[in-house]
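For reference, the chains in residue letters:
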Amino acid sequence: STRNGALTTHAFTDEVIDHHPITPEMYEVITNHPLINAIQKLTRAEVKAQLASDYADTQRRLGFELHPRRTDFPGIRHDWHPGTRAGYQLTVIYEPEYLERIGIHDDEGNDLRIILEYTGRVLPRNSHDLAPILKQVLADSGVEAATNTAGSHPEIDIALPGINKSVGCAALLPRIAQRWNISEEAARQHSIGGGDSPKYNDRPLIEFFRFGVTNIEFWEDGEKGPVVLDYPQITDPVSRTFELFRRS
């Protein structure tokens, strides 16, 4: 299950199990909104170049068809699934430290002014603070959307309303139950959900199943939180996750 739960496919056959693509109308509102367009225009040149390189690498290695309008907005990462010929999320990259360095007196100053108009004259501290603002301005434009962020990453993924990782969990639950010949409720009670962003986009995943696991030492709701992997001899969070599955 990928795209924060918007697309769930069979790992080997690529059969589409569940999917929630962005509509053409929603795409137009997102990409043409002044705030989002200003953010994507101010995305660092290095980031835009990396996006272009990633597209080219994907096309070269896998032969995938890519989103036909990806070059129209080079600062927005365009998702595209060749099998369904659909995009499931659009990603804007927000780096306030870079915007502060630009300043309103440089060539990009007008775009920065547009951002400040929508953010109350103060730059949000990070992508998590900006995400609800994007959600609200899109709602004001007639488009309900989900805005998902992860950990300390600068990306904000925009998708259909209600999309989060629990949607993908729910799509997979019948298959888990069928595999073990148990009820869906039993499957939910005996499964593990794990993620490295428990405060943000992995939270619905961790909370969906009875057992939640994370590889970072953070949870804001006390005892309601997941098991935190704690192997004192392993300092790398990802390596802790590997160790969990090695011992399972």
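Residues numbered from 1 in each chain as written. Predicted model: local features only at pLDDT ≥ 70, side-chain atom pairs only at ≥ 80, totals over all residues. Heavy atoms only, no water.

## Let's talk about the sheet that holds strand S5 (residues 146-148)
What holds strands together in a sheet is hydrogen bonding between their backbones, with the strands either parallel or antiparallel.
Thinking step 1. Taken in spatial order, the four strands line up as S3-S4-S6-S5 in an open sheet, and their pairing is antiparallel. Both edges of this open sheet fall to strand S3 (76-78) and S5, since each of them pairs with a single strand only. Averaged over all pairs of adjacent strands, the angle between their axes in this sheet comes to 25°, without regard to strand direction.
Thinking step 2. Looking at chain direction, strand S4 (residues 90-93) and strand S6 (residues 155-159) are connected through four bridges and run antiparallel. Bridge pairing in S6 links Val92 to Ile156.
Thinking step 3. In the packing of helix H2 (residues 34-41) onto the sheet, the strands contacted are S3, S4 and S6, and the crossing angle to S4 comes to about 60°. (Pairing = 2+ DSSP bridges. Helix = DSSP H or I, 4+ residues; strand = E, 2+ residues; numbered from the N terminus. Axes fitted to C-alpha atoms, helices over the stretch in contact; angles between N-to-C directions. Contact = heavy atoms within 4.5 Å.)

## Looking at the side chain of Arg3
Thinking step 1. Tracing the backbone through its elements, the reader meets Arg3 in the segment before strand S1 (7-9).
Thinking step 2. A distance of 3.0 Å separates a polar atom in the side chain of Arg3 from a polar atom in the side chain of Thr2.
Thinking step 3. Arg3 has contacts with Asp79, Trp80, His81, Tyr88, Gln89 and Ile163, leaving out every residue within four places of it along the chain. (Polar contact = N/O pair within 3.5 Å; in protein donor to acceptor, adjacent residues only side chain to side chain.)

## Thoughts on the environment of Gly103
Thinking step 1. Here Gly103 shows up in the loop between helix H4 (96-102) and helix H5 (109-118).
Thinking step 2. A sequence separation of 143 residues divides Gly103 from Arg246, and the C-alpha atoms of the two residues are 50 Å apart.
Thinking step 3. If near-sequence neighbours (up to four positions away) are discounted, Gly103 is found in contact with Gly109 and Leu112.

## Comments concerning helix H3 (residues 45-62)
Thinking step 1. A rise of 1.5 Å per residue sets the reference length of H3, with its 18 residues, at 26 Å; its end C-alpha atoms lie 26 Å apart and thus fit the reference within 8%.
Thinking step 2. Of the residues making up H3, those classed as buried are Val47, Leu51 and Tyr55. For H3, the angular spread of the buried residues around the axis is 85°, confining them to a single face. Of the residues in H3, the exposed ones pointing more than 90 degrees away from the buried face are Ala45, Glu46, Arg60 and Arg61.
Thinking step 3. Tucked inside the fold, the buried residues of H3 contact S3 and S4.
Thinking step 4. Where H3 terminates, the next one or two residues include Gly63, which has phi positive at roughly 70°. (Expected span 1.5 Å × (residues − 1). Buried < 20%, exposed > 50% of the residue type's maximum accessible area, 1.4 Å probe, protein only. Arc of directions from axis to C-beta.)

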